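Breakdown of the fold
If you want the building blocks of each chain, they are given just below.
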Protein chains: 2
Amino acid sequence: MPGSDRGRATSDRETEGRCALADVALAALGSGSRESGGSVRGSSPTINDVARVAGVSKKTVSRVINDSPLLRVETRQRVELAIAELGFVPNLQARGLAMGHNSLIGLIHDNPNSQMVLGVQQGILEAIRDTDFALVVRPVDRGSPGMMDDVRRFLERQRLFGVMLLPPISENDLLARHCAELGCRYVRMGSARLDADAHCVSSNDAEAVAAATRHLIVRGHRRIGLVAGPHGFRSAKERRAGFEAALNEANVALPRSLIAQGDYRFDSGVIAGSRLLDQVPPPTAIFACNDEMAAGVLHAARQRDLAVPRDLSIIGFDDTPIAAHVWPPLTTVRWPIQAMGQAAARKLLDGSSDAPAPPSVFPSKLIVRGSVADLEVGP
Amino acid sequence: MPGSDRGRATSDRETEGRCALADVALAALGSGSRESGGSVRGSSPTINDVARVAGVSKKTVSRVINDSPLLRVETRQRVELAIAELGFVPNLQARGLAMGHNSLIGLIHDNPNSQMVLGVQQGILEAIRDTDFALVVRPVDRGSPGMMDDVRRFLERQRLFGVMLLPPISENDLLARHCAELGCRYVRMGSARLDADAHCVSSNDAEAVAAATRHLIVRGHRRIGLVAGPHGFRSAKERRAGFEAALNEANVALPRSLIAQGDYRFDSGVIAGSRLLDQVPPPTAIFACNDEMAAGVLHAARQRDLAVPRDLSIIGFDDTPIAAHVWPPLTTVRWPIQAMGQAAARKLLDGSSDAPAPPSVFPSKLIVRGSVADLEVGP
DNA sequence: TTGTAAGCGTTATCAG
DNA sequence: CTGATAACGCTTACAA
């Protein structure tokens, strides 16, 4: 019985009402199946089967499943009925072959922060919900010498509809160029405007960090340490720039001794925090360029029996779960990662629209928790 | 110049050496392109182009790219040369259409733990490295009424080679049945044996938790609290069973008052921990069924000015980053998530092999950090 | 060991 | 508005 398995698939609530058409279908299929053969051997029904059952041509069915406007309602209904009876599901492989591109969008990233990756995935999936698009993930290993070749091979073989590039790999201009060369649409996410509006969705980390830093300054802090992010990361650069700008505008000095470099990981935060806290006098507050490092600073403080926030105020960045779960919970900067993922995906899908893409810059927000205190003026 | 973009793609190191063949290629393509037309309009070269350039038939090229054993080395080389010259890349859509299935494997999950999801992804990607397979992710919303229909639609439309099911959704037998009905290979990951060996890769949470509990008992603890996981999660059931088994075998009593229920999230850990710690006398140790809840217990302890581990020992489960990052760092159970993902993917790919699948149960390991102390015997 | 012919299930073209 | 016919690029019989 052709497609009987599938028949149940789309319509679980379908009972035994209108099976007349289905019987016609069987009869029709039984005889001269010269073209598609889709009915043989229990495989699922094809567009040909639907056409035969509905008594129309292949192309008409195609028009129905592609929402073509030029169709008589009556015809459309007949076809839709046949589709329902047969439990027909269009074959994306075939469609992809015919149209020259598949319905997959790729997510390329080399991100150590799982929360972020998953947030973006979530956003993308929201954007492609109710479409036939699916999300293909491709983590890559920045630093590995063959990385770029790897990605190229991936793009060549999979022939995706388009890809989304996550930071920090999204900052790589060469990668973007490769995408373009391979005819693969792309959108880059970043902490600053990295590309033309059509290819870019970003936050404004510099501004967000400046606001966070002002939060410290307003509370009386003047010796403020920075745990910077790693070289080569645009986000690290942006965040540092925002930090310095805020200090500058308030005429607060930033001695080199109050800057320590980290690599965005917890351990580097412990080390950087230690170095900062061993200065004399130590800083009264520290901004760390991400939450993991901020948690590391917290560790370093605890190792020195410093109470946070009494003896030391700390602000992080990203608002990952760790920020809320350490003690005291960290004041930090939250950026709308999921919304950005969604916007980026939409931009990708709308790419062929005629209207020029609008710029997409998403605002971040300071989340105030318990790791910042007003500075007690000394005796 | 047909395929010139692509020509560079695979062979960046190719300089100007042997372009003779390529010229032949151009000539050949220029004239009677009656079949594929792959050379026209800058689109990428097809198997026909390769065949013409190499002076063999389509099928022979197909044999080469599919590693058929029956080919003269000479022929093979000629074809390979042509492939290189042209920068030919097989079209997966077309192949998928012809073979009846694509080269995508899906990851279906409804997991709140991002670390876990990403770990599995990593494992899968290792398993499919150097193949043409790609990974499609599909988070679903357990609890949403339309979830199962959703997944079915997804499977019907995408026609994946196979899917991997992550806990807790992997515990859903109905979902597995649907996969089978739709002709989609599947492998389930879980905290216990959920299915036939061919469809299952698991850890043994009960045993792991029993070991962790013994770790507490050996150190003198007798009043040990449990923060259980949510109903309906197999892992919660397994972990609790392991906990109770260890207490039993040591003849340690487990009053109901020392069991609190959580939902695997931080906040529930705080609440459950509070309830446990407010008992008189309070427990001297608590096992929480995952790290997030263990971190919550830590919060509850701190709110009561209890020192960990001096006044309270805590053990968690999963070894997520949070376990290492809170203070004190948590003793916890680590299970080989990435290795399991890899094994599961391999199982999926080997699915058609004749040999019966071996059982795959992966051992977990107690990670000892700073949250457990020997029990001081009271005065 | 290699080639020929016939699909795989869709969409595009261009006529009616 | 609808339909015949030809792509789309590859694989799998079945020959040679």
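Residues numbered from 1 in each chain as written. Chains lettered and ligands numbered in written order. Predicted model: local features only at pLDDT ≥ 70, side-chain atom pairs only at ≥ 80, totals over all residues. Heavy atoms only, no water.

The name given to chain A in an unreviewed UniProt entry is LacI family DNA-binding transcriptional regulator, and the organism recorded there is Sphingomonas albertensis.

What follows deals with the protein's contact with DNA strand C. Every one of the 29 residues lining DNA strand C counts as a neighbour, but Ile 47, Lys 58 and Ser 62 of chain A together with Thr 60 and Thr 75 of chain B are closest to it. The share of sugar and phosphate among atoms of DNA strand C within 4 Å of the protein is 60%. One of the backbone N or O atoms of Ile 47 of chain A is found 2.5 Å from a phosphate oxygen in DNA strand C. Of the residues in the surface near DNA strand C, the class split is 13 nonpolar, nine polar and seven charged. (Near = heavy atom within 4 Å. Polar contact = N/O pair within 3.5 Å; in protein donor to acceptor, adjacent residues only side chain to side chain. Nonpolar A, V, L, I, M, F, W, Y, C, P; charged D, E, K, R; others polar.)

Taken residue by residue, the interface counts 49 residues in chain A and 48 residues in chain B. Summed over both partners, the interface of chain A with chain B comes to about 4800 Å²; 54% of that surface belongs to carbon and sulfur atoms. Ranking the residues of chain A by area buried against chain B places Gln 93, Arg 159 and His 325 of chain A at the top, with a combined share of 15%. Arg 157 of chain A is the salt-bridge partner of Asp 132 of chain B, the closest N and O atoms lying 2.6 Å from each other. Connecting chain A to chain B are 16 residue pairs in polar contact (both at pLDDT 80 or more). Those elements giving two or more residues to the side of chain A that touches chain B turn out to be α1 (4–10), α6 (92–99), α7 (114–128), β2 (134–139), α8 (147–158), α13 (291–303) and α14 (321–325) of chain A. For the side of chain A that touches chain B, the element with the most residues is α7 of chain A, which contributes seven residues. (Contact = heavy atoms within 4.5 Å. Buried area = accessible area lost by both parts, 1.4 Å probe. Salt bridge = Lys/Arg side-chain N within 4 Å of Asp/Glu carboxyl O. Helix = DSSP H or I, 4+ residues; strand = E, 2+ residues; numbered from the N terminus.)

Let us now look at the sheet that holds strand β3 (residues 162–165) of chain A. Strand order in this open sheet of 12 strands is β11(A)-β5(A)-β4(A)-β3(A)-β1(A)-β2(A)-β2(B)-β1(B)-β3(B)-β4(B)-β5(B)-β11(B), and the pairing throughout is mixed. Edge positions in the open sheet fall to β11 (361–362) of chain A together with β11 (361–362) of chain B, since each of these has one partner strand only. Where helix α8 (residues 147–158) of chain B meets the sheet, it contacts β1 (104–109) and β2 of chain A together with β1 (104–109), β2 (134–139) and β3 (162–165) of chain B, and its direction lies at approximately 160° from that of β2 of chain B. Helix α15 (residues 337–349) of chain B rests against β1, β3, β4 (185–190), β5 (200–203) and β11 of chain B of the sheet, and its axis sits at about 160° to β4 of chain B. (Pairing = 2+ DSSP bridges. Axes fitted to C-alpha atoms, helices over the stretch in contact; angles between N-to-C directions.)

Residue and element names in this part refer to chain A. Burial within helix α3 (residues 47–54) is extensive, with seven of its eight residues counted as buried. Regarding α3, the residues found buried are Ile 47, Asn 48, Asp 49, Val 50, Ala 51, Val 53 and Ala 54. Capping the start of α3, Thr 46 holds a side-chain oxygen 3.0 Å from the backbone nitrogen of Asn 48, two or three residues further along. Just downstream of α3, Gly 55 is the residue with a positive phi angle, here 70°. (Buried < 20%, exposed > 50% of the residue type's maximum accessible area, 1.4 Å probe, protein only.)

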